[in-house]
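An overview of the molecular structure
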Amino acid sequence: MKLLGSLIIYMLLMLGFCQNPKPTTQNTSHFNHLSEFEKSIIVNKGTEAPFSGEYDKHDEDGLYHCKACMSPLFRSADKFNSNCGWPSFDDEIDGAIKRKTDYSAGVVRTEIMCSNCSGHLGHVFEGELLTDKNLRHCVNSISLEFKPSIFN
Ligand SMILES: [Zn+2]
């Protein structure tokens, strides 16, 4: 019976979720509540100063969500200290991140964005041998909103 109850709650949640129109890259409503500084990073693809963000040295159990649309993006279990000055993750929540080749800094980098709202997050780097997964998602703190785990 407990499983059935959970299933019904899940279906009700999904029903509510499906009533919302699916956001597209043209839908800027996710960005309306952001401050000018947040927009300068998330919408205009800026970069916050290194070692300045609130999550650079942050170490709590929970999930990091997109500041713009609140989609879950990264798990605290995948966060590691790379000493690069920005929050670093060696994995992402499945399907949460999309990638785009970025030539803007005169070098080829891979930009990472929220799959749901296309908000700019940062860049992903491969082959640095910093962790077993060999990936570093280098993310602006300002693009993230941390929510502590409710299961602890
Ligand atoms: Zn988003």
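Residues numbered from 1 in each chain as written. Predicted model: local features only at pLDDT ≥ 70, side-chain atom pairs only at ≥ 80, totals over all residues.

1. Observations regarding the nonpolar core
Among the nonpolar cores identified, the biggest contains 20 residues, and Cys66, Ala68, Leu73, Cys114, Leu121 and Val139 are the most heavily contacted of them. Those residues in contact with Leu73, other than ones at most four positions away along the chain, are Tyr64, His65, Cys66, Glu92, Ile93, Ala96, Ile97 and Cys114. (Core = buried A, V, L, I, M, F, W, Y, C linked by C-beta atoms within 7 Å. Buried ≥ 20, exposed ≤ 12 C-beta atoms within 10 Å, placed from the backbone. Contact = placed C-beta atoms within 7 Å.)

2. Some remarks on the sheet that holds strand E6 (residues 109-114)
Spatial ordering of the open sheet is given by E3-E4-E8-E7-E6-E5, a layout of six strands whose pairing is antiparallel. Edge positions in the open sheet fall to strand E3 (79-80) and strand E5 (97-102), since each of these has one partner strand only. As paired elements, E6 and strand E7 (residues 120-126) share four bridges and run antiparallel to each other. Across the sheet, Ile112 pairs through a bridge with Gly122, a residue of E7. (Pairing = 2+ DSSP bridges. Helix = DSSP H or I, 4+ residues; strand = E, 2+ residues; numbered from the N terminus.)

3. Thoughts on the environment of Ser52
Along the polypeptide, Ser52 turns up in the loop between helix H2 (36-42) and strand E1 (62-66). A C-alpha to C-alpha distance of 8.0 Å links Ser52 and Trp86, two positions 34 residues apart in sequence.

4. Considering the sheet that holds E1
Taken together, the three strands give an open sheet; going across it, the order is E2-E1-E9, and neighbouring strands pair in antiparallel fashion. Each edge of the sheet is formed by a strand with only one pairing partner; in this case those strands are strand E2 (72-75) and strand E9 (144-148). On average, each strand axis in the sheet is inclined to that of its neighbour by 30 degrees, with strand direction left out of account. Pairing analysis gives five bridges linking E1 to E9, with the strands arranged antiparallel. Residue pairing for E9: Tyr64 is matched across the bridge by Phe146. (Axes fitted to C-alpha atoms, helices over the stretch in contact; angles between N-to-C directions.)

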